Amino acid sequence: MVVDQNSPIIFAHGVNKTYAGGFLALKNIHLEIARGEIFALLGPNGAGKTTLISIICGIVNASSGTITVDGQDIVKDFRAARAAIGLVPQELHTDAFETVWATVNFSRGLFGKAPNAPYLEKVLRDLTLWDKRDAKVMTLSGGMKRRVLIAKALAHEPLILFLDEPSAGVDVELRHDMWRMVRELRAQGTTIILTTHYIEEAEDMADRIGVINKGELIVVEDKEVLMRKLGKKQLTLTLRHPINSLPAGLESWSLILAEGGHTVDYRYNTQEDETGIPELLRTLGEHGIDFKDLRSSESSLEDIFVSLIQQSRGEAA
Ligand SMILES: Nc1ncnc2c1ncn2[C@@H]1O[C@H](COP(=O)(O)OP(=O)(O)OP(=O)(O)O)[C@@H](O)[C@H]1O
């Protein structure tokens with residue numbers, strides 16, 4: 001089968017999932033993942049991230065909808081679709097009595113790939129596992145076991161790597177090694193999809209962001225665009241003399257008096273042409289409020305994420 005290299009590597013259309021008890025975990029998901037991108041799927045606990053990943057990887061069946069992976073239908077062409085995927089799950093379940101070397105070779109063999117010792121050696125070296133290749137998996141530390149999970153997922157040279165909560169409970173060194181590897185894989189054309197609770201990680205790594213809440217994909221957007229569109233900037237003025245309250249006449253600015261009356265925060269939309277800052281400073285001056293320092297900061301992806309989730313719950317952002 002010839003696959004159009006410009007077509008999405010993952011294409012999900014109208015995917016719903018109702019678990020046996022009747023719980024609707026995914027609602028009408030439409031999602032396209034481009035070849036070679038790093039896509040971060042964000043959402044609060046129980047939003048449906050693992051369910052969606054598990055369906056794409058063929059571990060859980062969708063109740064309705066279609067999904068193709070590299071042009072292959074995940075139900076009709078399960079083996080071909082699954083062969084395109086490497087999945088790093090949250091926990092290690094099997095192979096505890098095997099050596100590291102045996103378990104990664106076995107993972108490769110599962111997909112019918114010919115042995116390739118130099119490739120597997122590179123994977124183990126990149127993950128600082130080479131010295132442990134003859135150790136039984138059960139004797140390894142938790143961090144080393146996580147490295148084995150990544151090695152197993154990469155053993156068959158997948159086109160797509162799924163990382164489900166890769167940073168949960170791992171130390172700084174492994175996190176750095178992992179992200180260095182993710183960048184290398186991406187440079188070689190691998191598509192990476194990750195779920196994470198460490199939103200700064202998504203801000204750092206991802207090309208695109210999907211936000212899922214209560215089974216619904218509420219946003220799918222290029223990261224830069226998302227941050228430009230929904231980001232806010234904040235100007236913080238440090239006052240020369242602290243004040244107890246803001247004088248009347250400044251209500252329309254929605255200012256926040258903080259740090260015991262020592263600072264005033266002003267949030268403005270990065271999309272507006274006019275920031276309103278010159279006018280604000282003039283107005284403050286007219287009210288006799290003098291400042292000795294001013295600094296500005298931008299909202300993080302985390303701020304944007306929290307406000308998106310609040311909005312989708314119908315709360316004030
Ligand atoms: N096998 C199951 N049977 C019934 N309900 C399930 C099953 N698996 C998951 N759920 C429910 O579906 C919802 C989505 O779960 P899922 O694990 O996909 O969320 P998640 O976004 O990955 O959460 P987390 O961030 O906590 O890992 C949750 O409410 C969960 O309780």
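Quick caveat: nothing in here was measured; it's all calculated off a predicted structure.

Thresholds applied
Here the residue numbers are simple positions, counted from 1 along each chain's written sequence. In view of the model being predicted, local features appear only for residues whose pLDDT reaches at least 70, and side-chain atom pairs are presented and counted only at 80 or more, with totals across whole chains, interfaces and linings using the full set of residues. Just so you know, side-chain values use all the structure's heavy atoms and leave hydrogens and water out. The helix and strand labels rest on DSSP assignments: H or I over at least four residues marks a helix, E over at least two residues marks a strand, and numbering proceeds from the N terminus. Relative accessibility decides the category of a residue: with a 1.4 Å probe and only protein chains considered, values under 20% of the type maximum give buried, values over 50% give exposed, and everything between is partly exposed. Surface exposure here means Shrake-Rupley accessible area, sampled with a 1.4 Å probe, where a residue is shielded only by the protein chains that are shown. The sign given to each residue is positive for Lys and Arg and negative for Asp and Glu; His and the chain ends receive no count. The atom standing in for a charge is NZ when the residue is Lys, CZ when it is Arg, CG when it is Asp and CD when it is Glu. Whether a residue is near a molecule or strand depends on its heavy atoms: if one lies within 4 Å, it is near. Pairing of N or O atoms within 3.5 Å defines a polar contact, subject to two protein rules: one partner must be a possible hydrogen donor and the other a possible acceptor, and residues neighboring in sequence count only if both atoms are side-chain atoms. Note on residue classes: Ala, Val, Leu, Ile, Met, Phe, Trp, Tyr, Cys and Pro are nonpolar, Asp, Glu, Lys and Arg are charged, and everything else, Gly too, is polar. Here, a salt bridge means any Lys or Arg side-chain nitrogen found within 4 Å of an Asp or Glu carboxyl oxygen. Two residues qualify as a contact provided that any one of their heavy atoms is within 4.5 Å of a heavy atom in the partner residue.

Trainee: Outline the overall build of the protein, supporting the account with residue identities and numerical values.
Mentor: Within the protein one finds ten helices and 14 strands. Here the C-alpha coordinates of the protein stretch approximately 75 × 45 × 40 Å along the principal axes. For the protein, the residues scored as buried account for 44% of the 317 residues in total. With the model as given, the accessible surface of the protein reaches about 16300 Å², and the carbon-plus-sulfur share is 50%. A distance of 6 Å separates the average location of the 35 positive side-chain charges in the protein from that of its 43 negative side-chain charges.

Trainee: Before we move on, can you summarise the site of the ligand with the specific residues and values?
Mentor: All residues in the neighbourhood of the ligand are listed as Y19, F23, A25, P44, N45, G46, A47, G48, K49, T50, T51 and H197. Within the side chain of K49, one N or O atom sits 2.8 Å away from an oxygen atom of the ligand. In terms of residues, the shell around the ligand owes the most to one element, helix α1 (residues 49–56), which gives three residues. Residues that form the shell around the ligand fall into these classes: five nonpolar, six polar and one charged.

Trainee: Kindly report on the side chain of K223, identifying the contributing residues and their values.
Mentor: With respect to the helices and strands, K223 occurs in helix α8 (residues 223–230). For the buried K223, which has no salt bridge, the nearest side chain bearing the opposite charge is E224, at an N-O separation of 4.3 Å. Residue contacts for K223: discarding those within four places in its chain leaves A202, E203, D204, A206, D207, R208 and I209.

Trainee: Summarise the pattern of salt bridges; cite the residues concerned and give the values.
Mentor: Summed over all chains, the structure comprises eleven salt bridges. Ionic pairing is found between E121 and R125, a salt bridge with its closest N-O pair at 2.8 Å. Placement of the pair is E121 and R125 together in helix α4 (residues 117–126), with a separation of four residues, close to one helical turn. A residue is classified by how much of its surface remains accessible, and R125, at 47% relative accessible area, is partly exposed. The closest approach of N and O atoms between D126 and K122, which form a salt bridge, is 2.6 Å. Highlighted residues: D126 and K122, both in helix α4, separated by four residues, approximately one helical turn. A network of salt bridges, in which partner residues are shared, links K122, D126, R147, D177, R180 and E184.

Trainee: Let's hear about the environment of G261: which residues, and what values?
Mentor: In this structure, G261 sits in the loop between β12 (256–258) and β13 (263–269). Sequence separation between G261 and K136 is 125 residues, and the spatial gap between their C-alpha atoms is 61 Å. Once residues within four sequence positions are removed from consideration, G261 is found in contact with L239, P242 and I243.

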